[in-house]
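What follows is the residue order along each chain.
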Amino acid sequence: MDIFLLGSRHGLNDFEQVAILLVLVAAFLSLAYAWWLRSTVLKKDKGTEKMQEVWNAIRIGADSYLNRQLRTILPLIGVLTILMFLSVGIVPPSHEAVEEFKALENTHFLWMNGVQLVVAIGRTVAFIMGATFSLLVGQWGMRMAVQANIRVASASRRGFNEALSIAYYAGTITGMLTDGLGLLGGTVIFIIFGTAAPDALLGFGFGGTLLALFMRVGGGIYTKAADVGADLVGKVEKDIPEDDPRNAAVIADLVGDNVGDCAGMAADIFESYEVTIVSGLILGLSLVAITGDLKWIVYPLVIRAVGVISSMLGTFTVPIWEKFPIKFLRAHDAEEAMFRSYEVSSIFTIVISFILALTYANDWRLAALTAVGVGLAVAFNPLTSYFTSTKKAPVKEIVQSTKTGPATTILSGLSVGMESSVWALVVIVVSFIIGILLYSADGTVYVLYAVAMIGIGMLSHTGNNVAMDSYGPISDNANGIGEMAWHGMEDKNTLEARQIMADLDAVGNTTKAITKGVAIASAVIAAVSLFASYITDVGRVQSQLGQPLMEAIRVSDTRVFIGLLLGGALPWLFSSLSIRAVSRAAGQIVEEVRNQFKIPGIMEGTRAPDYARVVSISTASAQKELIPLATISVLMPLAVGLILQVEALGGFLAGIILSGQLLAVFLSNAGGAWDNAKKAIEDEPRDLAKNTGKGSERHKAGVVGDTVGDPMKDTAGPALNPMIKVANLVSLLAAPIIVKYPLQNADGSLNWGVAVIAIALLAATAWAIFRSKAPVKELEAA
């Protein structure tokens, strides 16, 4: 048997060849399931003419924003594509690449030999493929969410279960696209490149991560600028409902849910899915070189395929839990139904992984690592829910603190976020310790492979994770469409439909916080496992150049410690700039909405506001930040590496991972807790004399907390996830070049060429910082 020449070229046995073929089948099944769900969702009705009018404004705004974003980032992607190709020819090819394509070693093309040319083409094509897949997941996921939100609003008039099913299935479409395209890309690269796959996989991971960073930053700034502006004027100053049609910022707010929470998060989790499989395969191929056993690369691919099937099984069961025959298993709300489906997927994956590990790999520890990864993801469900759910003590504590005003509301929310970050880190550390206990006797590379396998297990249910995340903005948009279309209607059916959508929306805040936690943890795990590849690549080039080998990253070295400090500072700088961008744009939107409320007829509801002006403000603010923040993420690691050298760059990466993880979880969970505290007050009976419900002083304090938390949980926090991995992958790609061209020559003299490049990188980073801090040009008065 020789499927795809896997036997003759890569040495796979018959079982392994069939397994790789089934992995491809699973990838296409995932895409087919997404298509079937799409047709199921689109068959549902789109409600009344008024609902469709509101929905159409959201659809046009979201499409216009993403199209403009694409035009902004394409030139930079083009430049990086060229640099990706040229960079391969600067350093010698890896031993694996030479062995895989030895027939081409003596051929030449310009300054590259045949092996370098193949690797250059492979890495460049993989970079384009990763970026394209990430873009497709984000764009298609957002467009599907837009199609679903109006159908959820319409279904809410008929019952809870139908509305939940539409919202969750629409989110599952994005999840299965993520599963299918991510698995397809990694598997195809392995089939083509074999043991040389790491050279191309780095391009695949970097392309997906870079696009995710663009979509996360731009979408996050857009959505929260509109949200904060709408809430401060509408709720606090004018005492009107959240999605009141008289508020000029309401359409921009609803558009933002799609471009930020749907498109941004979909691309974000896709790149996490990509990078964990990239790190797993890179380390697996290192173990293949040591042991000669291909199980180290076949097993993670098969587990990912098993995860695809388990996600299909779990997501399909969500609607059944409300009326499940066994009473104690019955779900009482949307959150429980989603958790039940996640548990179904988890059990299926763990059982199959043990069967596979015992019958094929003859190593039960591989299945144990998968189980630890699945358990880590499952653990984030109750952990994040505890700190962000309206039913749990931390959010109730914030609700209680609103009695004494905004200051105590913010203080209690800060304390909740800080504590949640500690426990999230402890959970990750426990999983690492288990990996050490299982493989420490085998050596360092095995332990790092164990960490990578935990990451693969953690994201094996990406379909469920993305479904839970996309469900949030879909239900939020549905609630907004209902609020605007049914404004002033108080009949029983409308009130029941509004309550259904409010309940779905509240759960969406918790599920979004959970998936953000999972994405952040996966970024940490992938970054840690990429350390081995970093040291390996550096050691390979050092060996070829006759330099001493770097076997570890020594924090006791002063340069390394400086790198550690700089790396720890980068997430704070990045978050500062992104939150400042939201604050600036929100200030402009507040002024615009205030001015429009002064126009006769708008507050009375006899004249429609100019929604387009607020959309323009949000769009301009988001576009302005795309290039500067991406520039900082890409160039700062390069500058540190060129000036302080490769070991210090390793310290820089360690600082980013630790600081970024703690800060990202803090920002995400603090914001989620404030948001749900506000919603808990809004669900109270309105009685201003008793200071309860919407419009009360407690509600206004809750809104202030929510607006402070909005850019934290939906802009700065989530954007740190792709930023961490962009910095890691840039460092991994650049490390061999930094080794070959040090700042100081062997005789101690300065390498002026490298010095000039380092100065240029620092200047470009400084430009990006000042460019990001520059104010946006204000729109002319209407």
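Structure: see above.
Here's what I pulled together on the structure shown here. The model shown is predicted, which means the values in this text are computed figures rather than measured ones.

**Re unusual backbone geometry**
Peptide bonds are mostly trans, and most non-glycine residues show a negative phi.
Here is step 1: The phi dihedral of Asn362 falls on the positive side, at around 55°, and the residue is not glycine.
Here is step 2: Relative to the helices and strands, Asn362 is located in the loop between helix H10 (334-361) and helix H11 (364-388).
Here is step 3: Taking relative accessible area as the criterion, Asn362 reaches 64% and is therefore assigned exposed.
Here is step 4: The residue Asn691 is not glycine, and still its phi comes out positive at about 60°.
Here is step 5: Examined against the element boundaries, Asn691 turns out to sit in the loop between helix H19 (646-682) and helix H20 (697-740).

**Some words on the nonpolar core**
Here is step 1: Phe206, Tyr439 and Tyr534 are the most contacted members of the largest nonpolar core, which totals 253 residues.
Here is step 2: Counting residues per element, this core draws most heavily on helix H8 (residues 250-291), which supplies 21 residues.
Here is step 3: Those residues within four positions of Tyr534 in sequence are excluded, and the remaining contacts are Met550, Val646, Leu649, Gly650, Leu653, Ser731, Leu732 and Ala735.

**Remarks on the packing of H19 against H20**
Here is step 1: Look at H19 against H20: their axes get within 6 Å of each other, and the N-to-C directions meet at 160°. With respect to H20, the axis of H19 lies roughly antiparallel. The interaxial crossing formed by H19 with H20 has left-handed handedness.
Here is step 2: For the contact of H19 with H20, the residue count by class is 22 nonpolar, twelve polar and six charged.

**Considering the packing of aromatic side chains**
Here is step 1: Overall, the coordinates contain ten aromatic pairs when judged by the stated rule.
Here is step 2: The interplanar angle of 40° and the centroid separation of 6.1 Å between the aromatic rings of Trp36 and Phe316 together place this pair among those described as tilted. Placement of the pair is Trp36 in helix H2 (residues 14-42) and Phe316 in helix H9 (residues 295-316), with a sequence separation of 280 residues.
Here is step 3: Residue classification places Trp36 among the partly exposed residues on the basis of a relative accessible area of 41%.
Here is step 4: Using a relative accessible area of 45% as the deciding quantity, one classes Phe316 as partly exposed.
Here is step 5: Plain terms: the ring middles of Trp296 and Tyr446 are 5.6 Å apart, the flat faces sit at 80° to each other, and that makes the pair edge-to-face.

**Thoughts on helix H15 (residues 462-485)**
Here is step 1: For H15, built from 24 residues, the straight-helix expectation of 34 Å at 1.5 Å per residue is met to within 8% by its first-to-last C-alpha distance of 34 Å.
Here is step 2: Burial of H15 is extensive: 24 of the 24 residues sit out of reach of the surface.

The rules behind each value
Residues numbered from 1 in each chain as written. Predicted model: local features only at pLDDT ≥ 70, side-chain atom pairs only at ≥ 80, totals over all residues. Heavy atoms only, no water. Helix = DSSP H or I, 4+ residues; strand = E, 2+ residues; numbered from the N terminus. Buried < 20%, exposed > 50% of the residue type's maximum accessible area, 1.4 Å probe, protein only. Core = buried A, V, L, I, M, F, W, Y, C linked by side-chain atoms within 4.5 Å. Contact = heavy atoms within 4.5 Å. Axes fitted to C-alpha atoms, helices over the stretch in contact; angles between N-to-C directions. Parallel < 35°, antiparallel > 145°, perpendicular 65-115°, else oblique. Left-handed = near helix turned anticlockwise from the far one by under 90°. Nonpolar A, V, L, I, M, F, W, Y, C, P; charged D, E, K, R; others polar. Phe/Tyr/Trp six-rings, centres within 6.5 Å; stacked < 30°, edge-to-face > 60°. Expected span 1.5 Å × (residues − 1).

Note that every value here comes from positions in space, so none of it alone points to a role or purpose.
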